[in-house]
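Close look at the chain arrangement
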Amino acid sequence: MNALRSRRFILTGLAPAVLLYTLFVFVPVIWSAYYGFFNWSGIGEAKYIGLDNYAEILRDPVFWRALKNNVIFVLASVFGQVPLALALAVLLHKSNWLQRFLRSAVFLPMVLSTVVIGMIWQYFYHPQIGILNFLLDSLGLSSWKLDWLSDRDIAIYSLLPPLIWSYVGLYLIIFMSALQNIPGEIHDAAKIDGVSGARKLATITLPIIKNTVQVAVILCISGSLKSFDLVYIMTKGGPAHATELLATYMYNSTFTTYRYGFGSAISTTIMLISLLLIGTSQWLANRNKSKQT
Amino acid sequence: MKKGIAFKGLAFMVMAAMLALLLAGCGGNETSGNGDKTEKVSITIWHNWTGQDAKAVAMRKIIEDFRTENPAIEVIDEGLPTDGLRTRLRTVAAADEMPDLFVMWPDAMTKEFVKGNLLQPIDEELNANSEWKNNFIPNALDGYTVDGKIYSVPMNLAPSSFIYYNDALFKEHNVKVPETWAEMETAVQTFKDKGIIPIVLGNKTNWVAQSTIFSTLADRITGTDWFLKAVEQDGAKFTDPEFIEALTKLQELGEKGAFQDGFNSIDETQMMQLYFQGKAAMVINGGWALANLVNNAPPEVLDQTHITILPAIEGGKGDPETTAGVVGTGLGVSKKLTGSKKEAAMKLFYEMAGPEGQQATLNSSTLVSYKLDLDKEKAHPLFVELYELMQHVKITPVYDSKLGSATVEVVNNGLQELLTGGKAEDIASKIQNAQATAVGN
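Residues numbered from 1 in each chain as written. Chains lettered and ligands numbered in written order. Predicted model: local features only at pLDDT ≥ 70, side-chain atom pairs only at ≥ 80, totals over all residues. Heavy atoms only, no water.

As recorded by an unreviewed UniProt entry, chain B carries the name Sugar-binding protein and is attributed to Paenibacillus vini.

In the nomenclature of an unreviewed UniProt entry, chain A is known as ABC transporter permease of Paenibacillus vini. Database annotation for chain A, UniProt heading Sequence similarities (unreviewed entry): "Belongs to the binding-protein-dependent transport system permease family." For the record of chain A, the UniProt heading Subcellular location (unreviewed entry) holds the text "Cell membrane". (UniProt positions renumbered as here; feature names shortened; annotations may be inferred.)

Before going further, it helps to examine the sheet that holds strand β9 (residues 280-285) of chain B. Residue and element names in this part refer to chain B. Read from one edge to the other, the open sheet built from four strands follows the order β8-β9-β7-β10, with strand pairing classed as mixed. Strands with a single pairing partner mark the edges of an open sheet, and in this sheet they are β8 (197-200) and β10 (305-308). On average, each strand axis in the sheet is tilted by 20° relative to the strand beside it, whichever way the strands run. Where strand β7 (residues 162-166) lies against β10, four bridges are found, and the strand directions are antiparallel. Residue pairing in the sheet places N166 in a bridge with T305 of β10. Helix-sheet contacts for helix α13 (residues 268-276) involve β7, β8, β9 and β10, and the interaxial angle to β9 is about 145°. (Pairing = 2+ DSSP bridges. Helix = DSSP H or I, 4+ residues; strand = E, 2+ residues; numbered from the N terminus. Axes fitted to C-alpha atoms, helices over the stretch in contact; angles between N-to-C directions. Contact = heavy atoms within 4.5 Å.)

Moving on to the confidence of the model for chain B. All names here are of chain B. The predicted model of chain B averages 87 in pLDDT, with 91% of residues at 70 or higher. Taking the mean pLDDT of every element in chain B, the minimum, 41, falls on helix α2 (residues 30-35) and the maximum, 95, on β7. With pLDDT under 50 throughout, residues 25-37 is counted as low confidence; its partners more than four residues away or in other chains account for zero contacts. (pLDDT = per-residue confidence, 0-100.)

With that out of the way, let us pick up the packing of aromatic side chains. Two aromatic rings are characterised by how far apart their centres lie and by the angle between their planes. Going through the model one piece at a time under the given rule, you end up with 37 aromatic pairs over all chains. Here the aromatic rings of A:F63 and A:Y249 are separated by 6.2 Å at their centres, their planes lie at 45°, and the arrangement is tilted. Residue A:F63 is found in helix α3 (residues 61-92), and its partner A:Y249 is found in helix α13 (residues 246-256); the two are separated by 186 residues along the sequence. Accessibility classification places A:F63 together with A:Y249 in one group, the buried group. Measuring from ring centre to ring centre gives 6.0 Å for B:F102 and B:F113, while their planes differ by 80°; the resulting arrangement is edge-to-face. Placement of B:F102 in strand β3 (residues 101-104) and of B:F113 in helix α5 (residues 108-115) is noted, with a sequence separation of 11 residues between them. Take B:F102 and B:F113: they sit in the same class, and that class is buried. By the ring-pair criterion, three or more aromatic residues cluster together here, those being A:W31, A:Y34, A:Y35, A:F38, A:W40, A:Y48, A:F228, A:Y232, A:Y251, A:F255 and A:Y260. Against the face of A:Y232 rests A:K236, its NZ or CZ located 4.4 Å from the ring centre. One residue, B:R86, lies across the ring of B:W105, its end atom 4.3 Å from the ring centre. (Phe/Tyr/Trp six-rings, centres within 6.5 Å; stacked < 30°, edge-to-face > 60°. Buried < 20%, exposed > 50% of the residue type's maximum accessible area, 1.4 Å probe, protein only. Lys NZ or Arg CZ within 6 Å of the ring centre and 35° of its normal.)

Our focus in this paragraph is the UniProt feature "transmembrane region" (unreviewed entry) in chain A. Those residues carrying the UniProt feature "transmembrane region" (unreviewed entry) are residues 9-31, 71-92, 104-124, 154-174 and 260-285 of chain A in this numbering. This span, residues 154-174 of chain A, is 90% helix and 0% strand, and a straight line between its end C-alpha atoms measures 32 Å.

Per the UniProt record, "domain: ABC transmembrane type-1" (unreviewed entry) is found at residues 67-281 of chain A. The span residues 67-281 of chain A shows a helical share of 75% and a strand share of 0%, and its end C-alpha atoms are spaced 18 Å apart.

With that settled, the discussion passes to the side chain of B:N48. All names here are of chain B. Position of N48 among the secondary structure elements: in the loop between β1 (41-47) and α3 (54-69). Only 3.3 Å separates the side chain of N48 from the side chain of T82, close enough to count as a polar contact. Among all residues touching N48, those that are not within four sequence positions of it are L80, T82, L85, V103 and W105. (Polar contact = N/O pair within 3.5 Å; in protein donor to acceptor, adjacent residues only side chain to side chain.)

Right, here's the structure in full:
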């Protein structure tokens, strides 16, 4: 009886949140999936066209380029942000003034708005007054100067440093708290056994925080699949779709060319891709776990 | 048992508190509207006069004056930057929640809004005041006319393509202001050799090259008739040799180094800044750039700046005495307006787009589509130059005003591709496909 009552209490307490979540997440997702079957400009009649929007997406080379760019972003995040943050966390987890300063410096981009980050890097890469080209000039490397954001072949790679730079701080904090959670006895035991340095890192520290690393990787994947703001500010997906991501592709189709139905179909496709990726990573993680036990 | 009631009561209270918080958040602005019992008519207007340029300031002043003169009318105005306004209008159009009055664009946008049954015609007001109606320049109302009904009037005139050039640099390096394409190429070469940017371009927001350069350049080669036919997909295609020639011409200009490095990563504002700094000999931009120039350029650049149109192209089918452009934005009147609200809205409409509004616009260094004489004593000399240039230069269509929004996006991206080494034929066929699909729908 008491258990039933407290369960009812929990349900009542949860209800508002569930209600809100349903209203603002599930309903729009289903609504948007529904619009994906229509040819609709936002104004006037919507015409039912079945799966034509999806067929067009699959035929559209811009979609495949956006997907490829998104994969580049995911890889850069997972193999750029996570190892870098881990290395920094190991190096900076003591607390003298230099390390405190460096920690704050690495974390700083996290408190900046993406718009500010985009603007800073845009001026960093600026073709006429940019620091980067100026630096290359003064080092006598003028031949290395490039149109960083303007050249179709390299623009997407120019976006990776700001992407990595702006999120390293987050993972640094996560890893640092994981490192601090390692009980002192383990360090003492390691000392008695004479394990230190790189060996201690590989055999003791890393295995203990392995779960945190896994969580960080999942956060990283889902975060970089959603990327939009940085690219929208720095290149708007251009030049000529060279830096288009799935999210900017969706935004441009919906709000620049006013094809709401087509845009909705892209949103649904993005959702399916995300579910697929997250499902796969969950499955991989679970499989590893069941192997261990 | 008693404990149970208390528990239930607590659960209810928690839920009630949460709901109350939720509702308080949602319903914040409803109470303020109802309390007012006076017979105030309130109208909403959305516009893009947010900047500090003379035009925006003048238009905001008209709204302010209207408020003081009509205390019984409450005007709720909302200013948005141009790109934001376009998107926002589309969004409220989808939800059928248009503001009472809003700045809208002629041709494509007007047609779509009429098709969506969102606008009401203003023929009645126009016919009641024939002096107003007849003073617009020829064809000025065409972009706002759908099926014989007029839905708005232009509040300005927006030629989209002029060469603003720094005469001091031309004189210093002994270059002739280009009147033919060959002279243009010579000028580009000379300036490039001297380390001066020949033509500064900021094409990050990708309409710039299309609207300011390509629309006129293409018209010089293909002629206006061809373009209008290609838009309708009736007897002309974007894969025709003349269009490919136009694309190639622009690409050649780019390959000769006419534009500075990294033109795809700076925007129109930064483009104008480079010109203001005296680093560029020319900038190609619309008539709207003049107000910005007059307000923001340093005197040593401003005093040396003059205006001309794109040079003629030998063998082209277009009239060289033209420039691309549109009659400017007008005010859309929401379908839902009736009675005293409509009366109030039309009053404001007339203040802004009637003779006095047009005069105020002209006085703010902005061209109008309305027959008015310019007070040459008061106007800035550069604006007088523009005004006189426009007395003999005709307007041809801008690509983005005639083509559907999906095709425009393909053209804009295509030009970015073209200027970074894309193949003209491929880009032409992409544009052709997009327009064929758009017309087919």
